[in-house]
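Each chain, letter by letter, is given below.
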Amino acid sequence: MSDPRASARDLESTELVAIYAPMARAYALILGVYYILLTAGHLLVLKGNLAIVMASLAAISGVFILTLRFTLLQTVKELKVLGLSVFLVNLFAVANVVTHASYAGDEIQFVYLLMIAFSSGILGPTLGVVGVSLALVTVGAVFLTITGSEALIVTKFFTGVTAVAGSLAASVFLHRMVRSQVDFRVQSQDLLEIVERERIRAQNMADEADFANRAKTDFLANMSHELRTPLNGVVGIANTLAATKLDVQQKEMVDLIDASGRTLARLLSDILDFSKIEAGKVEIERVAFDLRAELDASALLLQTYAADKKLQFGVTYGEHARGWYFGDATRIKQIVANLVSNAVKFTDQGEVQVFIDWSEASEILEIKVCDTGIGFDKETGRRLFQRFIQADTSITRRFGGTGLGLAICRGLIEAMGGGMNWESEPGEGSTFIVRIPLEREMAPSLTASPDAPQEPVALDIDAPLRILAAEDHPTNQKVLRLILEPLGIDLTMCDDGMAALKAYQSSRFDVVLMDMQMPVMDGLTATQAIREHEKAHHLPATPIVMVTANAMRQHRDQAIEAGANSHLAKPFTPSSLMIAIEAALAEAQVYEDMNGDTSKAVETNDPTHLSTDEKMLGMF
C-alpha cells in the first residue's frame, strides 16, 4: 500500500516545479544571452589579457547557462534538479562579477552582485538553494569589499548586508506564500481524491444494489413462473372437478382446494406487487375509464366475499362520483379490493360499507372503507402500513395473510400522488380514507371502435372452435383439455413453439393459446413467426392469447409487442380462460366488421384493453 505522506510530498514537489521552472528557464535564458553578448563587449572594450580572460569566462558562462536552459531546465520534473540548476546559474553569475571587479577594479560590479542576490532570493525553488546562493553572494561581496576602495567599505558593508538580508526576507515571505498555495492545492487534490474514491465506492455500491435488485427481480420472476405453473394445475383441475357431479363431502373438499389455490395466487400477486413498489418500478397508467362501471364490476366479487361471512355490504356513490375519468382504473380497483378484503377479513359481524365521492373543486377522488370489525389502537395504526405487519402475531395466526395488503395500498396510492388516513378504535371498527388526484374526462363517442369494450362472443356449438394450444407442461396440457374439450372445442395441442408454428402453417385455427417459456422455440418467437407468416401470405390475423406463468408487467408488454392480442396469467380458472378466448374473438370480429378482414389486428398492441390478467388483478 502506498504511503499517503509520500504521495503528498511528491505532489507538493511537482507543484513547486510547475511554479518555479518557468521562472528559472527565463532567468537562465536572459543570463545566457547576456553573457554571450558580453563576450563581444569584453573583446571590444577591454585590452590585453584582461579582455581574453573576461571574454573567455563570459563565453563559457553563456554557453553553459544556455545549455543548462535547453537541457535540464527544459524537461525538469524533480525539485532537486531544478534547485541545482538555479544554483549553477548563480555560481557562474557570481564568478563573472567577482572576476571582473577584481581584475578591472570596476566598483559597479558590486551592484551587479546585489542584483544576483535579489534574483537568488526570488528564483530559488527552495530555501536551501536560496541560502547557498546568498552565502555565495555574501562571500563575493566580502571579497569585493576588502579588495575594493577603502572609502566605500562602510557603504558596501551596509548595502551588502541590507541587500542580502532583504533578499532572504523576501525569499522567506515569497516561499511561504507559494507554499500556502501549494499546500492548498495539495489539500484540494487530496479532497478530490477522497471525493473520487467515495464516488467510485458509491458507484460500486449502487452497481451492487442494482445487481442485487435485478437478481431479486429475476428470482421473483422465476419463482412466480415456477409456482404459478403447478398452481394452475391445482386451480384449473379443482374448478373443472367442481363442474362434475359430486356429493356434499366431495364438493366441500374441491371447494377447499379451490379456495387454497386462490389464496396462494393472491399471496403470490401481493409479493410481486410489493417487490415492484419497493423497487420504485410501479407503472401507473393514465387512460379514460368509467368509474362506476369499473368499481361495480369489482363490487360484485367483493359482495360475494362479504356474503360468505354473512356481512352486510354496500357501495355508495357521491353526486359527482359517476361518469368518465382519466387515471389508472386497475390500480384503483386493486386498492378498493385490498381495503375491502381486509375489512371483511377482520369483521366477524356487522357490515362493510364503501363510500366513493369526487370533488369537482379539487379533482380528488375520495374512497372510504368502513367496517364494524376488531379495530386497532393508535400505536398499532402507526405500524400497520409497514411491510409484513399486522395488529399482532395472534391476528396473523387467526386471520392469516402476509401483512402486505396495506403496504401495497399505500405504495400504489403514493405512486398516483395521493394519500391515505385511518380512524379506528379497538372493538369499534375501522375507517380507511383514500384520496387520489383524478381528472374528469369526456365520455367517449358511442361509435364502435376497436378500443371499445365488446360483449363476449357466444360459442357456436354447430361450428366448434378450432383452438391451437402451445403448452410444454403435461399438467397444464391436461387442464386445457379438461376445460376445453367438454365444450366441444376442437383442440390441437403442441409441446413447443416450433411445433405450434408448423401446425399453424398447415391449417387454420380460430384462436391460438400460446405459452411463453417453452423448449425449442419460445412463445414470443413463435408469435412473431405466426404474424410474419400471416403478413407474407396475406392471411387474416388469428387472435393469440398468451397463457403463461410469466405474470409480471414486462411479460405482458413483451407478449403484446410480439403480436399477441391479450395476456392471461396462470393460474387461470375455466371462466377466466373462456373470458379471454371470447374477448379475443370479439376483438377479431370487430376488425372484421369494420374492415372486411382482420389483417389489422396484427398491428393492434394496445395493452390498456387487451390484458385480461390486468383486469383480474387482485380478484383471487
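The rules we used
Residues numbered from 1 in each chain as written. Predicted model: local features only at pLDDT ≥ 70, side-chain atom pairs only at ≥ 80, totals over all residues. Heavy atoms only, no water. Patch = residues over 30% accessible without salt bridge, like charges linked within 9 Å, V, L, I, M, F, W, Y side chains within 5 Å. Areas by Shrake-Rupley, 256 points an atom, 1.4 Å probe, with all protein chains shown as cover. Salt bridge = Lys/Arg side-chain N within 4 Å of Asp/Glu carboxyl O. Helix = DSSP H or I, 4+ residues; strand = E, 2+ residues; numbered from the N terminus. Buried < 20%, exposed > 50% of the residue type's maximum accessible area, 1.4 Å probe, protein only. Core = buried A, V, L, I, M, F, W, Y, C linked by side-chain atoms within 4.5 Å. Contact = heavy atoms within 4.5 Å. Expected span 1.5 Å × (residues − 1). Bend = angle between axes of the 7 residues up to and from the residue. Polar contact = N/O pair within 3.5 Å; in protein donor to acceptor, adjacent residues only side chain to side chain. Pairing = 2+ DSSP bridges. Right-handed = clockwise from strand over helix to strand, strands pointing away. Lys, Arg positive; Asp, Glu negative; His and termini not counted. Axes fitted to C-alpha atoms, helices over the stretch in contact; angles between N-to-C directions.

Participant: Whenever I open this one, a nonpolar patch on the surface confuses me. Can you help?
Facilitator: A grouping of Leu29, Val33, Leu37 and Phe70 is seen on the molecular surface, where their side chains present a nonpolar patch of about 370 Å² in accessible area. Ranked by residues supplied to the nonpolar patch, first place goes to helix H1 (residues 4-45) with 3 residues. A relative accessible area of 60% places Leu37 in the exposed class.

Participant: Would you take a moment to explain the nonpolar core for this structure?
Facilitator: Soluble globular proteins tend to pack their nonpolar side chains together in the buried interior. Within the largest apolar cluster, 39 residues are counted, with the highest numbers of intra-cluster contacts made by Ile335, Leu339, Val340, Ile356 and Ile367. Counting only elements with at least two residues in this core, the list comes to helix H8 (291-308), strand S2 (312-317), helix H9 (329-345), strand S4 (351-359), strand S5 (364-371), helix H12 (405-415) and strand S7 (430-437). Among the elements that line this core, the one with the most residues is H9, at 9 residues. In contact with Leu339, not counting residues within four places along its chain, are Val369, Leu406, Cys409, Met420, Phe432 and Val434.

Participant: I would appreciate a short explanation of H8 in the present structure.
Facilitator: Residue pairs spaced three or four apart in an α-helix point in one direction, given the helix's 3.6 residues per turn. The first and last C-alpha atoms of H8 sit 26 Å apart over 18 residues, in line with the 26 Å expected at 1.5 Å per residue. The largest bend in H8 amounts to roughly 25° and is located at Leu300. For H8, the complete set of buried residues consists of Leu291, Leu295, Ser298, Ala299, Leu302 and Ala306. In this fold, the buried residues of H8 make contact with strand S1 (287-290), S2, strand S3 (324-327), H9, S4 and S5. For H8, the capping residue at the N-terminal end is Asp290, with a side-chain oxygen 3.3 Å from the backbone nitrogen of Arg292. With its phi angle positive at about 60°, Lys310 sits one or two positions after the end of H8.

Participant: Where do I start with helix H2 (residues 48-70) in this structure?
Facilitator: The end-to-end C-alpha distance of H2 is 33 Å, a good match for the 33 Å that 23 residues give at a rise of 1.5 Å each. Among the residues of H2, Leu50, Ala51, Met54, Ala55, Ala58, Ser61, Gly62, Ile65, Leu68 and Arg69 are the ones counted as buried.

Participant: Even after reading the chapter, I still don't get the pairing of strand S9 (residues 466-470), so can you show me in this structure?
Facilitator: Both faces of the sheet carry side chains from a regular strand, because those side chains alternate between them. Among the 5 residues that make up S9, 4 are buried, leaving the element largely enclosed by the rest of the structure. As paired elements, S9 and strand S10 (residues 490-494) share 5 bridges and run parallel to each other. Bridge pairing links Ala469 to Met493 in S10. After leaving S9, the chain enters helix H13 (residues 474-484) and then returns to the sheet as S10, a path that is right-handed. Note: S9 against strand S11 (residues 511-514), 4 bridges, orientation parallel. The residue of S11 that forms the bridge with Ile467 is Val511.

Participant: Would you mind going over the side chain of Asp371 with me for this structure?
Facilitator: Summarising the element assignment, Asp371 is placed in strand S5. Look at Asp371: it is buried, it has no salt bridge, and the nearest opposite charge is Lys309 at 9.9 Å. A polar atom in the side chain of Asp371 sits 2.8 Å from the backbone nitrogen of Gly373. With residues near it in sequence (within four places) discarded, Asp371 still touches Ala343, Thr347, Glu351, Val352, Glu428, Gly429 and Ser430.

Participant: Can you help me understand the pairing of S5 in this one?
Facilitator: Residues of S5 alternate between two faces, with Leu365, Ile367, Val369 and Asp371 buried on one and Ile364, Glu366, Lys368 and Cys370 left unburied on the opposite face. As defined by bridge partners, S4 adjoins S5 across 8 bridges and the pair is classed as antiparallel. Its bridge partner lying in S5, Val354 is registered against Val369. The loop that links S4 with its antiparallel partner S5 comprises 4 residues; one of these, Glu363, has a positive phi angle of about 55°.

Participant: What exactly am I supposed to notice about the pattern of salt bridges here?
Facilitator: Oppositely charged side chains may form a pair once their charged atoms are brought near each other. Inspection of every chain in the model, using the stated rule, returns 12 salt bridges. Here Asp348 and Lys309 are joined by a salt bridge, their closest N and O atoms 3.8 Å apart. Separated by 39 residues along the polypeptide, Asp348 in the loop between H9 and S4 and Lys309 in the loop between H8 and S2 bring together distant segments of the chain. Glu471 is the salt-bridge partner of Lys570, the closest N and O atoms lying 2.7 Å from each other. One end of the pair, Lys570, is in the loop between strand S13 (566-569) and helix H17 (574-595); the other, Glu471, is in the loop between S9 and H13, with 99 residues separating them in the sequence. For the pair formed by Lys570 and Glu471, the shared burial category is buried. Taken together, the shared-partner salt bridges in this structure form one network comprising Glu471, Asp515 and Lys570.

Participant: I keep staring at the sheet that holds strand S12 (residues 544-548) and nothing clicks. Help me out?
Facilitator: To summarise the sheet geometry, strands pair through backbone hydrogen bonds and adopt either a parallel or an antiparallel arrangement. Here we have 5 strands laid out as an open sheet, ordered S10-S9-S11-S12-S13, and parallel in their pairing. Edge positions in the open sheet fall to S10 and S13, since each of these has one partner strand only. For this sheet, the mean inter-axis angle between neighbouring strands, taken without regard to orientation, is 20°. Relative to the sheet, H13 contacts S9, S10 and S11, its axis offset from that of S10 by approximately 175°.

Participant: Is there a simple way to think about the sheet that holds S5 in this case?
Facilitator: Taken together, the 5 strands give an open sheet; going across it, the order is S2-S4-S5-S7-S6, and neighbouring strands pair in mixed fashion. Both outer strands of the open sheet, S2 and strand S6 (419-424), are each paired with one neighbouring strand and no more. Within the sheet, the average angular offset between the axes of one strand and its neighbour, ignoring direction, is 10°.

Participant: Would you explain the side chain of Asp496 in this entry?
Facilitator: Turning to its location among the elements, Asp496 is positioned in the loop between S10 and helix H14 (497-506). A polar atom in the side chain of Asp496 sits 3.0 Å from the backbone nitrogen of Met498. Engagement of the side chain of Asp496 in a polar contact is seen with the backbone nitrogen of Ala499, the distance being 2.8 Å. In this structure, Asp496 is in contact with Ala470, Met518, Pro519, Val520 and Met521, ignoring residues within four places of it in sequence.

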